[in-house]
Amino acid sequence: MMVQRWNKKRAHFPLIVFLFLLFIISTILYNERSIQQIHRNPDHDDRHQHQDSISSATPKLPTRPNRVPEVLDRFTTCSSTVKYSGRKAGWTTRKPVRDRRRGTSGRCDVFSGKWVFDNTSYPLYNESRCPYMSDQLACHKHGRSDLGYQYWRWQPHHCNLKRWNVNAMWEKLRGKRLMFVGDSLNRGQWISMVCLLQSVIPADKRSMSPNAPLTIFRAEEYNATIEFLWAPLLVESNSDDPVNHRLDERIMRPDSVLKQASQWEHADILVFNTYLWWRQGPVKLLWSTEENRVCEEVDGLGAMELAMEAWANWVATKADLDKKRIFFATMSPTHLWSREWNPGSEGNCYNEKTPINDESYWGSGSDLPTMSMVEKVLGRLGSKVTVLNITQLSEYRKDGHPSIFRKFWEALGPEQLSNPASYSDCIHWCLPGVPDVWNELLFHFL
């Protein structure tokens, strides 16, 4: 009897199993149908909630967020140009940080001082013995006979600069990459640094790469490099070719330093500058999210502020300051109108042989609104960046420019040759000369 009951119970098991499997299969089919319906129906409640969360965010996302913007080059053009909308890149606003590296070097302002004639200690190298000298800056080679511009030493009022020491500088650079990033003024400082340092490296232990956006001097003995990256606007632009950059219009991406940062991010010591290129008229903005090449036009100061903010955002969020030192050199002054230091005259730096003695002198070539804007941006970075305030000390050196004593890449006409002041270069600096002092200041702070 017990055996018969047990057999009856066993007879019910297949039916129970069958019903259970049927339930599972029905559940799966229902869920799949629901999922398909969600994908087909854009008005599903969850989708609405997701869209609401996106639409409340600013700035508005591009229609193709994964689109890679084209790299700007000298062939880049705008399909049309509109007035600047006031758009900002949306960097995180940061409170100013207490400044611990702003030109005081501890207890003394090394940027406040005077030029002292010193033909015993200066120049720090011989122009003709530096094989890397630029014809644009080799003033003696190109006919300048008065060499007084080479013999001036910068003397702070209440302290002394560290005395330049080639071997000590190489020890600071051992195993490191020192990179100058910016325009032709920064390139001049780079050439100055190479000339200051190269003489103690045997010829077979040093090398210079060909001219390119990134040019590199290598010293094998110290496993060190001194590099220059051509990036006159700091952000990506159509002027990033170191040779072919004389264009009718400047176009830049105000929200992108990615191309340049990929070159400079691995350097150990960085020296940035930017200024004169923003003084050449309006700039066109081509945002990374713009797909139809519609540009916005803004004045030079406004464009420079956008570029400085993009650069500052990289410093604040990407730079590893435990492994890196970052410097920013302020504007390099020009001496285009002699009436500013010699009222009543109508010349420029041509034939000037001595510095300006008036310590309060400030020429129109150094734009105060620009300096104020730069100070504001750098102020947010605080001690992340050491400022090389070269402007005032360089203002005094009306005698330090090449004027006509340099190589000119374009043939000069009879009218120009009859009026030397008309084609004088009063922007760049002769070497040896003023940029050597900029590098002495860099040495002082390292």
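Report on the accompanying structure. (Residues numbered from 1 in each chain as written. Predicted model: local features only at pLDDT ≥ 70, side-chain atom pairs only at ≥ 80, totals over all residues. Heavy atoms only, no water.)

Details of the pairing of strand S3 (residues 152-156)
Working note: regular strand, side chains alternate between the two faces of the sheet. Along S3, four of the five residues are buried, which leaves the element largely enclosed by surrounding structure. Relative to S3, strand S2 (residues 113-117) runs antiparallel, the two being bridged by five bridges. Each bridged residue has a counterpart across the sheet, and for Gly113 the counterpart in S3 is Pro156. (Buried < 20%, exposed > 50% of the residue type's maximum accessible area, 1.4 Å probe, protein only. Helix = DSSP H or I, 4+ residues; strand = E, 2+ residues; numbered from the N terminus. Pairing = 2+ DSSP bridges.)

Looking at the sheet that holds strand S4 (residues 177-182)
The strand order S5-S6-S7-S4-S9-S12-S13 describes an open sheet built from seven strands, whose pairing is mixed. Single-partner strands in this sheet number two, and they are strand S5 (206-208) and strand S13 (386-388). Pairwise comparison of adjacent strand axes, ignoring direction, gives a mean angle of 15° for this sheet. Note that S5 and strand S6 (residues 214-219) share three bridges and pair antiparallel. Paired with Met208 across the two strands is Phe217, which belongs to S6. Each of S4, S5, S6, strand S7 (224-230), strand S9 (269-272) and S13 touches helix H4 (residues 184-197); the most contacted strand, S7, lies at about 165° to it. (Axes fitted to C-alpha atoms, helices over the stretch in contact; angles between N-to-C directions. Contact = heavy atoms within 4.5 Å.)

What to know about unusual backbone geometry
Here the residue pair Tyr122 and Pro123 is connected by a cis peptide bond, since its omega of 0° sits within 30 degrees of zero. Counting through the fold element by element, Pro123 comes out in the loop between S2 and S3. The linkage connecting Leu431 with the following residue, Pro432, adopts the cis geometry, with an omega of -5°. With respect to the element layout, Pro432 can be found in the loop between helix H9 (414-418) and helix H10 (434-445). Residues other than glycine seldom take positive phi values, yet Asn351 does so here, at roughly 70°. One can find Asn351 in the loop between strand S12 (325-329) and helix H7 (368-381).

Quick word on the pattern of salt bridges
Taken as a whole, this structure holds 15 salt bridges when the rule is applied. Across the pair Arg174 and Glu171 runs a salt bridge, and its minimum N-O distance is 2.9 Å. The class of Arg174 is partly exposed, set by a relative accessible area of 38%. A salt bridge links Glu249 to Lys284; the nearest nitrogen and oxygen atoms lie 2.7 Å apart. Residue Glu249 is found in the loop between S7 and strand S8 (251-252), and its partner Lys284 is found in strand S10 (residues 283-285); the two are separated by 35 residues along the sequence. By relative accessible area, which is 26% here, Glu249 ends up partly exposed. (Salt bridge = Lys/Arg side-chain N within 4 Å of Asp/Glu carboxyl O.)

Considering the packing of H4 against H10
Each packed pair of helices is defined by two parameters, the angle between the axes and the distance between the axes. Packing of H4 against H10 brings their axes to within 9 Å, and their N-to-C directions diverge by 75°. By the angle class used here, H4 and H10 are roughly perpendicular. Residues Leu185, Gly188, Gln189, Ser192, Met193 and Leu196 of H4 lie in contact with H10, whose contacting residues are Pro435, Asp436, Trp438, Asn439 and Leu442. Residue composition of the contact of H4 with H10, by class: six nonpolar, four polar and one charged. (Parallel < 35°, antiparallel > 145°, perpendicular 65-115°, else oblique. Nonpolar A, V, L, I, M, F, W, Y, C, P; charged D, E, K, R; others polar.)

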